[in-house]
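Read off the chains here:
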Amino acid sequence: MGTYVAASEPGQDTYGATIFDYALAGGKFVALTDDTVFVELIKSVLYHSMGLSRKSFHHFTRLDDLFELLHQDSQARFIICLERRAAEADMSQIMERIMRLCPGAGIIVLTQEVDQYTTALLVEQGAHNIITKPISVVSFSEKLAFTIAPQGKLSKLIEKGKKLLEAGGWGEALLVADDILKQKPDSAVGHMIKGDAYLGLEMPVRAEEMYQRAVKNAELYLAPLKRLAALYEQAGDAGKQLECLRRLNEISPLNTQRILHIGELEIARGNTAVAEEMFQNVMRLAQREADEFLSNLSSRIADICASRDPDMAIHYSKKALDLRGDNITAADIATVNILGISLRKQGKWREAIAEYLRVLAVVPGSASLLYNMAMAYSEGGEAKKALNALQKALKIDPELPASGKNVAFNIGTIFQKAGQNGTQFFKKAYEQDPNDKVLWAALKRSQALHERN
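For clarity, every value in this text was computed on a predicted model and none was experimentally measured.

Participant: Is there a simple way to explain the sheet that holds strand S3 (residues 78-83) in this structure?
Facilitator: Neighbouring strands of a sheet are bound in pairs by backbone hydrogen bonds; such pairs are parallel or else antiparallel. A sheet is described by the order of its strands in space; here five strands give the open sequence S2-S1-S3-S4-S5, paired in parallel fashion. In the strand order of this sheet, the two ends are held by strand S2 (57-60) and strand S5 (129-132), each with one partner. When the angles between neighbouring strand axes are averaged without regard to direction, this sheet yields 20 degrees. Along the sheet, helix H3 (residues 63-72) makes contact with strand S1 (28-32), S2 and S3, crossing S3 at roughly 170 degrees. With respect to the sheet, helix H6 (residues 137-148) is in contact with S1, S3, strand S4 (106-111) and S5, its orientation differing from that of S5 by roughly 170 degrees.

Participant: Before we go on, may I ask you to explain the pattern of salt bridges in this structure?
Facilitator: A side chain with one charge may pair with a side chain of the opposite charge, provided their charged atoms come close. Applying the stated criterion across every chain yields a total of 21 salt bridges. A salt bridge links Glu 292 to Arg 84; the shortest N-O distance between them is 3.6 Å. Placement of the pair is Glu 292 in helix H14 (residues 272-305) and Arg 84 in the loop between S3 and helix H4 (91-101), with a sequence separation of 208 residues. Bridged by salt links that share partners, the residues Asp 35, Glu 83 and Lys 133 form one connected network.

Participant: Would you mind going over the pairing of S2 with me for this structure?
Facilitator: Successive residues of a regular strand alternate their side chains across the two faces of the sheet. Examined bridge by bridge, S1 and S2 share four bridges and lie parallel to one another. Bridging across to S2, Val 30 finds its partner in His 58. In this fold, the crossover linking S1 to S2 by way of helix H2 (residues 36-49) has right-handed handedness.

Participant: Please explain the packing of helix H18 (residues 367-379) against helix H19 (residues 383-396) as it appears in this structure.
Facilitator: A pair of packed helices is characterised by two quantities: the angle between their axes and the separation of those axes. The contact between H18 and H19 brings their axes to 8 Å, and the two run at 165 degrees. One way to sum up the angle between H18 and H19 is to call them roughly antiparallel. In this structure, H18 crosses over H19, and the sense of that crossing is left-handed. Between H18 and H19, the residues in contact are Ala 367, Leu 370, Tyr 371, Met 373, Ala 374, Tyr 377 and Ser 378 and Lys 385, Ala 386, Ala 389, Leu 390, Lys 392, Ala 393 and Ile 396, respectively.

Participant: I tried to follow the packing of helix H7 (residues 153-166) against helix H8 (residues 170-183) on my own but got confused; where do I start?
Facilitator: One can describe the packing of H7 onto H8 by two numbers: an axis separation of 8 Å at closest approach and a directional angle of 160 degrees. For the element pair H7 / H8, the angle class is roughly antiparallel. Our pair here, H7 against H8, has a crossing hand that is left-handed. Residues Lys 153, Leu 154, Leu 157, Ile 158, Lys 160, Gly 161, Leu 164 and Leu 165 of H7 pack against Trp 170, Glu 172, Ala 173, Val 176, Asp 179, Ile 180 and Gln 183 of H8. A per-class count over the contact of H7 with H8 returns nine nonpolar, two polar and four charged.

Criteria and thresholds
Residues numbered from 1 in each chain as written. Predicted model: local features only at pLDDT ≥ 70, side-chain atom pairs only at ≥ 80, totals over all residues. Heavy atoms only, no water. Pairing = 2+ DSSP bridges. Helix = DSSP H or I, 4+ residues; strand = E, 2+ residues; numbered from the N terminus. Axes fitted to C-alpha atoms, helices over the stretch in contact; angles between N-to-C directions. Contact = heavy atoms within 4.5 Å. Salt bridge = Lys/Arg side-chain N within 4 Å of Asp/Glu carboxyl O. Right-handed = clockwise from strand over helix to strand, strands pointing away. Parallel < 35°, antiparallel > 145°, perpendicular 65-115°, else oblique. Left-handed = near helix turned anticlockwise from the far one by under 90°. Nonpolar A, V, L, I, M, F, W, Y, C, P; charged D, E, K, R; others polar.

Written out as C-alpha cells, the structure is:
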C-alpha cells in the first residue's frame, strides 16, 4: 500500500485521506451487487485514486458469501455497499444480521430510485448511508468518507457522544451533548444524546424532556419518537405510546411491524374499525413486498439466462415486469433491456420495441433504453427511426459512445445506415481499443466515404 496523494478536486483530498486512513488502520470494503459498472467505480476509487491493496475490497453477488466473510472476520471493520435489489430477503433482516455478525460495520444501501418514505424506512432498518445510482467518482468518495467518519467539528462531537453512550459513559456524554448544544442550540441529535445519557442515569423524566425537544427541533427525525414510544410503553401509558407510533407512521409509513403494533394497540382500546384499517394496510404492504421480492428474483433469473437461453430470459423478465404492474421505475431498466435483447436475438424486434416503449412511457429519460430501441429499429431495417431514437439518447447522455467500444461502433453504424456521418463514433470506438482491426477498418471506410462526399 503506497502513500496517499491528494486529488485536485475541491474537498476530494479530505475525503481521500479519510478513506486511505481507514484502510491503513485495517478497514475493508465490501460490495454485494451484480452491477459491474458500480464495481468498476469502487475499484477505480480504491485502487487507482487511493492506491490501496487489492485485498482491501471484496465483491460478492450472493448473500451467503457476504455472511461467511463477516462470520470469519467479525472483529474487522467493514464498509458494506449493499445492493437493495440483490437482497434475497427482507432488508431489515439482512441489515440486522450484518450488524449482529459485525457490530462495527457501516452499511451503504445502493438503489436506483428511492422516495422519501423508502429512504426513511432504510435508515430506520439500519442503513448508515444511501447511494442513488448512477453516481460519480467524487460523490461516491464523499459518501464513503462520511460513512467512515464524520466531517467537521460538530459531527465529530456527535460521533464522540455516541461512542460514550455505547461505552456507558453517561456523565461524559452529557458534557459532550452540552458542547454540541453550545455550537448548535437547536441540535436534535444533541438533545437525543442528552436524553439517552439521562436514561442511562435512570432519570426518565429528564430523558423524556430531551426527547421532546429533539422531536420539536427535527420533525422528521425518527429516533427521539422511537425513544419516547419505548418510554411510554415501559410506563404503561398506551395513549402517549400510540400517539408516538402514529407520528412515526406518518414519517415512515412502510414499516409493517409498526403498523401491526398500532393495530394491536387500537384493538386493545376497542377501536376495531381503526385496527382493521391498520391490518388491511399491513396486508397491502406485505403483498407489495412479496411482489417486489418475486420481481427481483425473476430479474436475476432472467439475467442468468440472458446469454444462454433467450426463451427463458424472455419468460422471467416478462414475469418480473408484470409483477411490478404500474410501479415500474428506473430500477427496472436493466430487466427490460434483458427482455428486449432476448427478443431481438429471436428476430422479434417489433416486440422488443413495444417493451421499450412500455417502460419509456414511465421513465422517458433513459439513454440506455433509447439506445437499445435504436438497435431494434436498425435490426428491423427502420434506419430513420433508429437514428431518431439514437439522437434522443445522445441528447440525454452525450457520453454514451464512451461507455464501450461496441456501443460507439453500433452508434456509428446506425448513423451510416441513415446516410449520416458516423466517423466520430467509429473514431471513439477505435480510441477505446486501438488493437481492434475491425474498428480500424470501419473508421478508415467511414473517413474515405465522407472525404469523397
